[in-house]
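What the coordinates show
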Amino acid sequence: MTALETRLERLDWADIGSQLNAEGYAVLPGLLDTELARSLARQIDAPQARRVSLESSGLGRGELYYFDAGMPAPLEQLRATLYRRLTGHANRWNELMAASPRYPAELAEFLARNRSAGQARALSHLNRLGVDDYVALHQRNDGEQVFPMQVIALLSEPADGFQGGEFVMTEQRPRMQSRPLVAPLKFGDAAIIATAERPFPGSKGYYRVNLKHAVSRVREGERIGLELFFHDAP
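One structure accompanies this document, and this report is about it. The structure displayed is predicted, hence computed values, not measured ones.

The next subject is the sheet that holds strand β15 (residues 223-228). Taken together, seven strands build an open sheet; the order of strands is β1-β11-β7-β15-β5-β4-β2 and the sheet is antiparallel. Each end of this open sheet is capped by a strand with a single partner; those strands are β1 (25-28) and β2 (50-53). The average angle at which neighbouring strand axes cross in this sheet is 20 degrees, direction not considered. In this sheet, strand β11 (residues 190-194) lies alongside strand β7 (residues 149-154) in antiparallel orientation, the contact comprising five bridges. When the bridges of β11 are listed, glutamine 150 appears paired with isoleucine 193.

Pasting the structure below:
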């Protein structure tokens, strides 16, 4: 068992599930150790990383780096292991929201369903934000095969490496104002978040609430982050 698998095994998954149900996200403190976090951050400069400007896509200001040629091995391992842990929660969410998809036990089978549905464009990426850069509120749920959770991580040192750049979310419940959420991430921390919708208990059963996420403006330094998806895009 690798060190990453050991850390995942030691997490309190019952508590993580409770946090996901209550808030729509759960922080995994120190999931990526210093060596792994820094090596992943260096992937931004890898020749195979495809650079996309956030401004060109209308999603803010800064740069995204996509893993079109395949993710680094540690990320592939992390994605497959987390998927196995989250399928039960994801299927439960869809059941409560009366959504039809049910997710297979293994990521490879789910990605095969993605390809059959015409979804083969990689969504997982690194992001690099400099001074005055930010990521606008958004969600990535295009296509018929969408996993209701994704993972984000911080690969830079807050305070020492950058100022600002907080990871924020909004949750819109029916007939209510949007609720702001802030995930307090430290270097190497990851968080499981809702991709777009999650179930919420009401007086007449469960209903859907809509979530979006963003990164606030970086005031100083450079912030490098990760967004890890379990589904691909059309």
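It is worth spelling out the pairing of β7 at this point. Of all six residues making up β7, six are buried, and the element is well covered by its neighbours. The side-chain alternation of β7 yields two buried faces, one formed by Met149, Val151 and Ala153 and the other by Gln150, Ile152 and Leu154. Judged from the four bridges that link them, β7 and β15 form a sheet pairing that is antiparallel. Pairing of leucine 154 across the sheet is with glycine 225, part of β15.

Another aspect to go through is the packing of aromatic side chains. If you walk through the whole model with that rule in mind, you get eight aromatic pairs. Judged by centre distance (5.9 Å) and plane angle (20 degrees), the ring pair of tyrosine 83 and phenylalanine 110 falls under stacked. Placement of tyrosine 83 in helix α4 (residues 73-96) and of phenylalanine 110 in helix α5 (residues 107-116) is noted, with a sequence separation of 27 residues between them. Taking the relative accessible area as the measure of exposure, tyrosine 83 reaches 0% and is therefore buried. Relative to phenylalanine 110, the ring of tyrosine 103 lies with its centre 5.4 Å away and its plane at 80 degrees, an arrangement referred to as edge-to-face. Each member of the pair, tyrosine 103 together with phenylalanine 110, is buried. In this structure an aromatic cluster arises from ring pairing among Tyr83, Tyr103, Phe110, Phe147 and Phe230. Its end group placed over the ring of phenylalanine 200, arginine 173 keeps NZ or CZ at 3.8 Å from the ring centre.

Here is what the cut-offs are and how they apply
- Residues numbered from 1 in each chain as written.
- Predicted model: local features only at pLDDT ≥ 70, side-chain atom pairs only at ≥ 80, totals over all residues.
- Heavy atoms only, no water.
- Pairing = 2+ DSSP bridges.
- Helix = DSSP H or I, 4+ residues; strand = E, 2+ residues; numbered from the N terminus.
- Axes fitted to C-alpha atoms, helices over the stretch in contact; angles between N-to-C directions.
- Buried < 20%, exposed > 50% of the residue type's maximum accessible area, 1.4 Å probe, protein only.
- Phe/Tyr/Trp six-rings, centres within 6.5 Å; stacked < 30°, edge-to-face > 60°.
- Lys NZ or Arg CZ within 6 Å of the ring centre and 35° of its normal.

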